[in-house]
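Structural overview
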Amino acid sequence: MSLTSFPNGISSFGSPITASPSLWMANGAKAYFVGGPLSSDDNKGTDYDRPLNRISNATVSKVKNSSTGSVEHGTRGAGDFVYVSTGTYAENVRIVQRDYARIIGAGIGICTIKPGDTPSSANTDALGQSQTITLTNESTQVTNIAFIVGSRGVHITGFTILGTGGTSAANAGFYIGDGTRISASNNWGSSQFQIYGNLLDGEGGTSGGWGFLWDGFGPGGIIHHNQVFRYASGGLLVNDGATRVTNGGTFYHNWIMACRGYGIRRTAAYAGGNSVYDSNRIFDDGGSALTNGILLGTISSGLGDFVVSNKIGTTNAPISVSDAQDRISDNSTSTAGSATVTYVSMA
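Here's a quick rundown of the structure. (Residues numbered from 1 in each chain as written. Predicted model: local features only at pLDDT ≥ 70, side-chain atom pairs only at ≥ 80, totals over all residues. Heavy atoms only, no water.)

1. Overview of the overall build of the protein chain
A tally of helices and strands in the protein chain yields three helices and 34 strands. Here the protein chain holds 347 residues, and the buried ones make up 54% of them. Within the structure as shown, the protein chain displays about 13500 Å² of accessible surface, and the carbon and sulfur contribution to it stands at 50%. (Helix = DSSP H or I, 4+ residues; strand = E, 2+ residues; numbered from the N terminus. Buried < 20%, exposed > 50% of the residue type's maximum accessible area, 1.4 Å probe, protein only. Areas by Shrake-Rupley, 256 points an atom, 1.4 Å probe, with all protein chains shown as cover.)

2. Regarding the side chain of D41
Counting through the fold element by element, D41 comes out in the loop between β3 (31-34) and α2 (56-59). The exposure class assigned to D41 is buried, which follows from its relative accessible area of 15%. A polar side-chain atom of D41 sits 3.0 Å from a polar atom in the side chain of N57. (Polar contact = N/O pair within 3.5 Å; in protein donor to acceptor, adjacent residues only side chain to side chain.)

3. Notes on the sheet that holds strand β8 (residues 93-96)
Hydrogen bonding along the main chain pairs the strands of a sheet, whether they run parallel or antiparallel. Across the sheet, which stays open at both edges, the eight strands sit in the order β8-β13-β16-β19-β22-β25-β28-β31 with parallel pairing between neighbours. Taken across any chain shown, the strands that pair with only one partner, and hence form the sheet edges, are β8 and β31 (319-321). Neighbour to neighbour, the strand axes of the sheet diverge by 10° on average, direction disregarded. Bridge analysis of strand β25 (residues 262-266) against strand β28 (residues 292-296) gives four bridges, and the strand direction is parallel. Paired with R266 across the strands is L296, a residue of β28. (Pairing = 2+ DSSP bridges. Axes fitted to C-alpha atoms, helices over the stretch in contact; angles between N-to-C directions.)

The structure is reproduced here in structure tokens:
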């Protein structure tokens, strides 16, 4: 049996083990383990040799009644680590009111989430709660979301996320945003998060689907060094939430390729600002050109955003801006079949 490698020098046969548990036990933080041949919903998940069987069982606090008795499990945030072993997980994962939790997959290509294949009830998490988000600015619903994030300081890395494909797929890799959009009784939001080192593949659906949805969050959120492929609507949609605007996010060094629609799109009547889109790589899918590499809709209030040093390869307009408050500089695009490079720069 081969070793499973995790960040920070942790490796084992299956779920990770380490000689230094105090690394994450400081200040009451815990480590939870998911996956492997000994995994079970009846485990608490805090012992590496008794891991949980689903990621959402580690991210949603729950008491499980079973033949072996009542077992309580699930992080409450507070800097807890959730280590996910190799394997494919057919589920939707909700991280709400779990501040500063770290969700660490075993790595791209060996730790996979397929949200469209939830075995018990489609579009629900471990507690049976809906994973469907209605985007009011867009008058549309997005279902089959791999990760719904409504917490501060969450880190997520090391996953491959597969969409549902097909003609009616309205799937998303990550939804990060407004707690009231997630649940009417949840006045919670996201900020200071980091999502990095993941591969998102929409699997070629021809309708709907975004790699990332920003939907009203506080400042300090960072998404970087991810690969986003084959989503029908695009790589990143920036939208205002139900009760919050999107403010102060950073989206940089991401690779968006073979998507349709838009690389990055900000909806009209946007009320946020001070977000940065920096050094991303955005390319057509080779068959159907992007409508725009980056499209920034109008701003109803608030401040503009920054679009800097992106490389865009599309036969249509690389960048379209509707508001004078936005700042665009040092972006470049190349024409297909030509070595000519056009620089798009605005004050």
